[in-house]
2 protein chains.
Amino acid sequence: MAQRVPNVVVIGAGFAGVHVVKQLRKARCNVAIFDRHNYHLFQPLLYQVASAALSPGDIAYPIRRIFRSQANVSVVLGEVQSINLAKKTITVQGLEQDYDFLVIAAGSTHSYFGKDEWAKTAIGLKTIDDALDMRKRMLMAFEEAENELDEVSRRSKLTFVIVGGGPTGVELAGALREIAVKDMQEDFRNIDTSSARVILFDGNDRLIKQFPPSLSQRAKEDLERMGVEVRLNSRVTNVDATGLNIGEERIDAQNIFWAAGVQAAGVSHTLGVELDRAGRVKVLPDLSIPGHPEVFVAGDLASVTDPRTNEPVPGLAPAAMQMGRHIGRILRNQINDGTTLDPANRPAFHYVDKGTLATIGKNRAVADIRGWKFGGFFAWLLWGFVHLMFLVSFRSKVFVMWTWIWNYLFNSRSVRLITGDVHYSVRKVRDVTPSDYHPVPEDVKKDVVVTSA
Amino acid sequence: MAQRVPNVVVIGAGFAGVHVVKQLRKARCNVAIFDRHNYHLFQPLLYQVASAALSPGDIAYPIRRIFRSQANVSVVLGEVQSINLAKKTITVQGLEQDYDFLVIAAGSTHSYFGKDEWAKTAIGLKTIDDALDMRKRMLMAFEEAENELDEVSRRSKLTFVIVGGGPTGVELAGALREIAVKDMQEDFRNIDTSSARVILFDGNDRLIKQFPPSLSQRAKEDLERMGVEVRLNSRVTNVDATGLNIGEERIDAQNIFWAAGVQAAGVSHTLGVELDRAGRVKVLPDLSIPGHPEVFVAGDLASVTDPRTNEPVPGLAPAAMQMGRHIGRILRNQINDGTTLDPANRPAFHYVDKGTLATIGKNRAVADIRGWKFGGFFAWLLWGFVHLMFLVSFRSKVFVMWTWIWNYLFNSRSVRLITGDVHYSVRKVRDVTPSDYHPVPEDVKKDVVVTSA
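Note that residues are indexed from 1 along each chain, following the sequence as it is written. Written order determines the labels here, with chains lettered from A and ligands numbered from 1. In keeping with the model being predicted, local features are shown solely for residues with a pLDDT of at least 70 and side-chain atom pairs are shown and tallied solely at 80 or more, while totals for entire chains, interfaces and linings include all residues. As a rule here, side-chain values cover all heavy atoms of the structure and leave hydrogens and water aside.

> Is there a simple way to think about the side chain of S288(A) in this case?
All names here are of chain A. Among the secondary structure elements, S288 is positioned in strand β21 (residues 288-289). When its relative accessible area of 0% is taken as the criterion, S288 is described as buried. Among the polar contacts made by the side chain of S288, one reaches the side chain of D286 at a distance of 2.9 Å. Should any heavy atoms of two residues lie within 4.5 Å, those residues are counted as being in contact. Each residue touching S288, except ones within four places of it in the same chain, is listed here: V283, P293, V295, F296, P343 and R346. Put simply, DSSP H or I for four residues or longer makes a helix, DSSP E for two residues or longer makes a strand, and each gets a number counted from the N terminus. With a 1.4 Å probe rolled over the protein chains alone, any residue whose accessible area is under 20% of its type maximum counts as buried; one over 50% counts as exposed, and the rest are partly exposed. Identification of polar contacts relies on pairs of N or O atoms within 3.5 Å, with a donor-acceptor requirement for protein atoms, meaning one able to donate a hydrogen and the other able to accept it, and with residues adjacent in sequence counted only if both atoms are side-chain atoms.

Listed below in structure tokens is the structure:
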């Protein structure tokens with residue numbers, strides 16, 4: 001008879017969950033990792049899928065393949081509906097699964113500040129499907145503008161609003177301007193794609209507030225130099241099908257992208273334990289839930305203060321990986337050495353901030369590496385290098401690098417595909433067969449004023 | 001005042017349409033090319049997207065970018081609903097567009113032999129969205145089988161049926177077996193993925209009937225060696241949600257892929273001219289419609305007999321390209337030199353058969369090059385080389401080649417992503433946290449018999 005070994009259940013195969021499981025390679029336990037998707041997603045590059053620079057397959061990797069040679073791991077596709085801490089079970093697809101140890105790393109989703117009806121118009125960027133949806137909307141906007149006779153409608157189609165000036169918002173805004181100015185310019189006949197407005201709103205008085213103020217200022221200036229309109233201290237008061245309101249001001253925009261607000265994955269509300277305002281679970285210094293030393297929370301779902309700095313641990317990829325490794329090591333020791341379950345005897349989690357990077361556009365990024373603050377080309381190179389380094393598979397590293405080099409050399413985002421259902425909503429179609437032969441001279445900037453033939 | 005120049009309208013940006021427009025680079029005319037999608041698709045490699053080997057962006061390329069420097073071309077995203085030959089107009093999105101010359105190259109779709117209700121279960125492979133849907137179903141089948149306790153259900157989930165033994169059916173069958181045997185094998189814990197049945201049905205007495213019988217036989221033997229069950233002279237009599245009927249025989253299969261039957265795009269029925277049984281337009285030897293020398297049909301939509309061989313021109317990519325170039329040259333001469341519109345004065349279209357290739361699996365293909373018939377590794381290399389050569393962009397050539405080399409070396413299809421809506425339909429979920437610790441030994445073949453813990 002085999003000796004009974006504990007069951008470790010991990011919810012979520014993001015940065016935190018994957019790193020927990022990797023630490024358990026040599027632990028005498030069965031591990032089951034649950035995720036809604038069959039892939040691990042490298043979220044920091046998701047905006048590059050949304051902006052047609054990378055393919056989904058470049059940044060998403062099958063979870064099964066990550067753990068193919070780790071024999072004590074089962075990968076299960078499915079959504080965890082609830083957790084019962086008293087019974088030590090989770091419910092997946094209506095069926096109960098029991099656990100001895102549980103790691104909750106289900107991540108976060110967008111917060112629309114209680115206005116969930118905005119989600120339909122102002123799409124967020126958390127999954128591959130979100131990114132493909134965003135890509136479709138962005139490409140359709142240019143397609144529709146090309147054939148739109150109505151001046152006001154065309155303006156609205158060529159207005160891209162991004163709500164939220166964190167790293168994702170900043171990166172998306174920069175990428176959209178680059179598409180409009182560099183990629184699309186020569187492909188359209190009736191519109192000057194570089195006239196597309198990209199407006200970035202943030203409720204704070206500066207962008208990327210994870211960075212020191214000097215770099216926030218630099219990011220703002222870089223974006224403005226690229227043609228992005230940056231609007232700080234601006235709170236969205238309404239979003240509807242044709243645009244949004246910022247206080248008294250109305251902006252007609254067909255494309256509203258949401259990069260603001262974070263709230264914890266819904267499963268945290270089924271725990272019956274203390275949550276913070278964003279729905280995150282308040283955990284002890286070792287990352288376990290108070291009163292439940294066998295249950296840990298990692299990544300965006302964990303609300304924890306670093307005892308060394310007295311600062312809350314930020315919701316960033318490096319923090320999630322570090323939390324995952326921390327929990328994985330505690331579990332491995334616990335399981336293999338049979339130490340007691342007392343959280344007080346376990347090491348506290350310390351976040352090691354190795355630096356923060358955000359890219360703004362080609363050759364432009366900002367970096368804050370242990371107090372060393374800089375921007376520009378070198379920060380941009382470093383950003384690329386670090387991201388390649390952390391991509392989960394060797395294949396992804398190689399293919400993303402190739403694609404980046406290619407896109408850099410040829411100024412071309414070639415994953416410009418409109419897939420999925422398309423609702424073409426042009427109000428008047430331009431007559432595409434005018435009677436006069438007038439090829440557009442290559443050296444003349446195209447005019448946005450369209451005259452019907 | 002500019003002199004009035006003719007409007008050329010091209011419907012469809014497939015192989016035929018794109019080649020028509022390319023020939024008109026130096027013609028004094030306005031060209032408008034309409035397509036339902038914003039991309040030109042390299043259809044011969046679509047099955048590789050369906051089988052997770054390539055990304056959509058590798059084989060689809062924005063139409064606008066193909067013609068970005070051809071100043072007399074407008075690209076319009078939209079579906080052509082009808083054509084009025086008498087008024088010389090087409091209707092797109094409810095609006096009429098007039099033409100002086102029209103080229104109809106709208107392609108073909110699947111034929112379910114009048115049983116259109118089968119389309120929901122037995123999905124075809126014509127668009128990127130079809131391929132992504134097929135990929136999702138294939139990957140979900142393995143995911144669901146992994147957790148399925150019910151033996152009969154699991155069998156059905158691991159049964160892949162392909163209807164139609166043309167090149168697409170053959171390529172798909174081979175790819176599915178390779179996935180099951182090589183790619184997935186080590187990624188699953190509860191099932192032996194290589195036990196997946198792949199059954200290829202065809203109504204004829206041999207596969208790939210475009211090829212000489214000896215190569216049909218070779219393809220059949222190669223497939224069988226890979227573990228594909230090839231069933232000839234088999235007509236599908238019913239398809240429903242849980243399987244299909246072949247005459248009296250019932251096969252339970254969750255995955256039915258349709259690679260049989262071709263019918264012309266619906267727009268041909270709005271012409272009011274003579275069509276063949278498949279809905280294709282019967283055209284004169286110059287590819288124009290009888291009585292309408294200003295209207296041409298190209299590609300899969302054209303029904304034409306080569307006057308030299310007295311054989312019908314096949315519905316293949318090379319034939320479509322040749323037809324496109326033929327029509328483009330006629331139009332260019334007509335427009336630039338003002339020759340009369342008499343079809344009798346125009347050159348007849350001759351199909352030049354440079355050879356036919358079909359791939360079966362890794363290192364396996366068949367080739368018939370001007371009567372030189374061979375199979376195996378060299379045919380497979382040639383197949384790869386020819387397909388790379390015809391990919392529309394330099395980027396696609398380079399990226400597909402890289403990906404192929406990678407997949408070849410590492411036996412890995414890494415675009416194994418399940419995207420879009422997922423309906424998880426496992427009837428009983430296996431308990432993934434058994435109480436006994438039993439890592440699967442690397443050298444022991446996994447058993448398909450699952451015992452609940």
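Next, the rest of the story.
> Would you take a moment to explain the confidence of the model for chain A for this structure?
One rule of thumb: low pLDDT means the predicted coordinates there are not for detailed reading. Confidence of the predictor at the level of single residues is captured by pLDDT, which takes values from 0 to 100. The predicted model of chain A averages 89 in pLDDT, with 92% of residues at 70 or higher. Ignoring residues within four places in sequence, the model shows residues 433-453 of chain A, a span with pLDDT below 50, making 53 contacts including any to other chains.

> Help me understand the environment of V20(B), please; the structure alone is not making it clear to me.
Residue and element names in this part refer to chain B. Within the fold, V20 resides in helix α1 (residues 15-23). In this structure V20 comes out as buried when scored by relative accessible area, which is 0%. A sequence separation of ten residues divides V20 from V10, and the C-alpha atoms of the two residues are 7.9 Å apart. The residues contacting V20, other than those within four sequence positions of it, are V10, V103, G324, I327, G328 and L331.

> Even after reading the chapter, I still don't get the nonpolar core, so can you show me in this structure?
Side chains of nonpolar character tend, in soluble globular proteins, to be buried together. To form a nonpolar core, buried Ala, Val, Leu, Ile, Met, Phe, Trp, Tyr and Cys residues must be joined to one another through side-chain atoms within 4.5 Å. By size, the foremost hydrophobic cluster in this structure holds 130 residues, and its most contacted members are I83(A), I90(A), I104(A), M138(A), F142(A) and L331(A). In terms of residue count, helix α5 (residues 128-147) of chain A provides more of this core than any other element does, ten residues in total. Dropping the residues within four chain positions of it, M138(A) is found in contact with A50(A), S51(A), A52(A), F160(A), L176(A), I179(A), M184(A) and F257(A). Counting residues in each nonpolar core, the second largest holds 129 residues, with I33(B), V103(B), V283(B) and V295(B) among its members.

> Mind showing me how you'd approach the pattern of salt bridges here?
Opposite charge on two side chains permits them to pair, given that their charged atoms come into close proximity. Salt bridge, as used here: a side-chain nitrogen of Lys or Arg that lies within 4 Å of a carboxyl oxygen of Asp or Glu. Under the definition given, this model contains 44 salt bridges over all chains. With a shortest N-O distance of 4.0 Å, R64(A) and E146(B) are connected by a salt bridge. Of this pair, R64(A) sits in helix α4 (residues 63-66) while E146(B) sits in helix α5 (residues 128-147), placing the two residues on different chains. The residues R64(A) and E146(B) share a single accessibility class, namely buried. Across the pair E178(A) and K182(A) runs a salt bridge, and its minimum N-O distance is 3.8 Å. Taken together, the positions of E178(A) and K182(A), both in helix α7 (residues 167-183) and four residues apart, correspond to about one turn of that helix. For E178(A), a relative accessible area of 12% corresponds to the buried category. Overlapping salt bridges, with partners in common, bring together R65(A), R68(A), D187(B) and R416(B) in one network.

> Would you take a moment to explain the packing of aromatic side chains for this structure?
When we look at a pair of aromatic rings, we describe it by the centre distance and by the angle of the planes. Stacked, tilted and edge-to-face are the three classes applied to pairs of Phe, Tyr and Trp rings, where Trp contributes its six-membered ring and a pair requires centres within 6.5 Å; stacked means planes under 30 degrees apart, edge-to-face means over 60, and tilted covers the rest. Following the criterion strictly, the structure yields 33 aromatic pairs over all chains and no others. Following the ring pairs from residue to residue traces out a cluster consisting of F394(A), F399(A), W402(A), W406(A), F410(A), F394(B), F399(B), W402(B), W406(B) and F410(B). Distance and angle both matter: a charge sits over a ring if NZ of Lys or CZ of Arg is within 6 Å of the ring centre and within 35 degrees of the ring normal. The cationic tip of K362(B) hangs over the ring face of Y408(B); the distance from NZ or CZ to the ring centre is 4.6 Å.

> Teacher, can you tell me more about the sheet that holds strand β7 (residues 89-92) of chain B here?
Strands pair in a sheet through their backbones, by hydrogen bonds, and they do so in one of two ways: parallel or antiparallel. Residues and elements named next belong to chain B. A pair of strands is treated as paired once DSSP finds two or more bridges between them. If you walk across this open sheet you meet the three strands as β6-β7-β8, and the pairing is antiparallel. Every interior strand has two partners, whereas the edge strands, β6 (80-84) and β8 (95-98), have only one. Going across the sheet, the axis of each strand differs from the next one's by a mean of 25 degrees, ignoring polarity. Note: β6 against β7, four bridges, orientation antiparallel. Bridge assignment links N84 to a residue of β7, and that residue is T89. Axis lines are fitted to C-alpha atoms, over the contacting stretch for helices. Their N-to-C directions set the angle, which ranges from 0 to 180 degrees.

> Explanation requested: a nonpolar patch on the surface in the structure shown.
Residues and elements named next belong to chain A. Each patch is built from residues lacking any salt bridge and having more than 30% relative accessible area; the joining distance is 9 Å for like charges and 5 Å for nonpolar side chains (Val, Leu, Ile, Met, Phe, Trp, Tyr). Computed with the Shrake-Rupley method and a 1.4 Å probe, the accessible areas treat only the protein chains shown as cover for residues. A cluster of nonpolar residues, W372, F377, F378, L381, M401, I405, Y408, L409 and F410, forms a patch on the protein surface that exposes about 930 Å² of accessible area. Elements supplying a minimum of two residues to the nonpolar patch: α10 (377-390) and α11 (394-410). At five residues, α11 tops the list of elements feeding residues into the nonpolar patch. Positionally, L409 belongs in helix α11. Owing to a relative accessible area of 59%, L409 belongs among the exposed residues under this scheme.

> Please explain the packing of helix α10 (residues 377-390) of chain B against helix α11 (residues 394-410) of chain B as it appears in this structure.
Geometry of a packed helix pair, given as the angle between the helix axes and the separation of the axes. Residue and element names in this part refer to chain B. The geometry of α10 relative to α11 is characterised by a closest axis approach of 8 Å and an angle of 150 degrees between their N-to-C directions. In terms of axis orientation, α10 runs roughly antiparallel to α11. Considering the relative orientation of α10 and α11, their crossing is right-handed. Counted together, F377, W380, W383, G384, H387, L388, M389 and F390 of α10 and K397, V400, M401, W404 and Y408 of α11 form the full contact between these two elements. Here the term charged refers only to Asp, Glu, Lys and Arg, the term nonpolar to Ala, Val, Leu, Ile, Met, Phe, Trp, Tyr, Cys and Pro, and the term polar to all other amino acids, Gly among them. Here the residues of the contact of α10 with α11 are counted per class, giving ten nonpolar, two polar and one charged. These descriptions rest on fixed angle ranges, namely under 35 degrees for roughly parallel, over 145 for roughly antiparallel, 65 to 115 for roughly perpendicular, and the rest for oblique. With the far helix as reference, a near helix turned anticlockwise by less than a right angle produces a left-handed crossing, and one turned clockwise produces a right-handed crossing.

> Quick question: what am I supposed to make of the sheet that holds strand β11 (residues 122-123) of chain B here?
All names here are of chain B. Taken together, the five strands give an open sheet; going across it, the order is β11-β18-β12-β13-β14, and neighbouring strands pair in parallel fashion. Where the open sheet ends on each side, the last strands, each with one partner, are β11 and β14 (228-231). Together, β11, β12 (159-163) and β18 (255-258) form the strand contacts of α5, whose direction differs from that of β18 by roughly 155 degrees. Sheet contacts for helix α8 (residues 213-226): β13 (197-201) and β14; angle to β14, the most-contacted strand, approximately 140 degrees.

> How do you make sense of the pairing of strand β22 (residues 292-297) of chain A when you look at a structure like this?
Look at any regular strand and the pattern is simple: side chains alternate between the two faces of the sheet. All names here are of chain A. In terms of burial, β22 is a largely internal element, six of the six residues being buried. The sheet contact formed by strand β9 (residues 101-104) and β22 spans three bridges and is parallel. For L102, the partnering residue across the bridge sits in β22 and is V295. What sits between the antiparallel neighbours β21 and β22 is a turn of two residues, in which G291 has the positive phi angle 85 degrees.

> What am I meant to see in helix α8 (residues 213-226) of chain A here?
Along an α-helix, residues three or four positions apart point the same way, because every turn accommodates 3.6 residues. All names here are of chain A. In this scheme, a helix's expected span is set at 1.5 Å multiplied by one less than its residue total. Here α8 is 14 residues long and its end C-alpha atoms lie 20 Å apart, about the 20 Å a rise of 1.5 Å per residue gives. Those residues of α8 that fall on the buried side of the exposure criterion are L215, S216, A219, K220, D222, L223 and M226. Each buried residue of α8 lies within a common arc of 165 degrees when the element is viewed along its axis, so the set occupies one face. Exposed residues on α8 whose side chains face more than 90 degrees from its buried face are P213 and R225. Structurally, α8 contributes buried residues whose contacts are with α7, β13 (197-201), β14 (228-231), β24 (356-361), β25 (364-369) and β26 (372-375). The first or second residue beyond α8 is G227, which carries a positive phi of 105 degrees. Note: the arc covers the axis-to-C-beta directions of the helix.

> Help me understand unusual backbone geometry in this model?
Generally, phi is negative for residues other than glycine and the peptide bonds are trans, each holding for most cases. A positive phi angle, close to 45 degrees, is found at R370(A), a residue other than glycine. If you trace the backbone, R370(A) turns up in the loop between β25 and β26. Classification of R370(A) as exposed rests on a relative accessible area of 63%. In this structure, F113(B) takes a positive phi of about 50 degrees despite not being glycine. Residue position: F113(B) is located in the loop between β10 (108-110) and β11.

> Please explain the side chain of S194(B) as it appears in this structure.
Residues and elements named next belong to chain B. Structurally, S194 can be placed in the loop between α7 (167-183) and β13. Residue classification places S194 among the buried residues on the basis of a relative accessible area of 15%. Of note is the side chain of S194, whose polar atom sits 2.7 Å from the side chain of D192.

> I would appreciate a short explanation of the environment of I289(A) in the present structure.
Residue and element names in this part refer to chain A. By the secondary structure assignment, I289 is in strand β21. With a relative accessible area of 1%, I289 lands in the buried category. Taking C-alpha positions, I289 is 53 Å from S153, a pair spaced 136 residues apart along the chain. Every residue in contact with I289, bar those within four places of it in the chain, is listed here: I104, L271, V273, V281, V283, V295 and V297.

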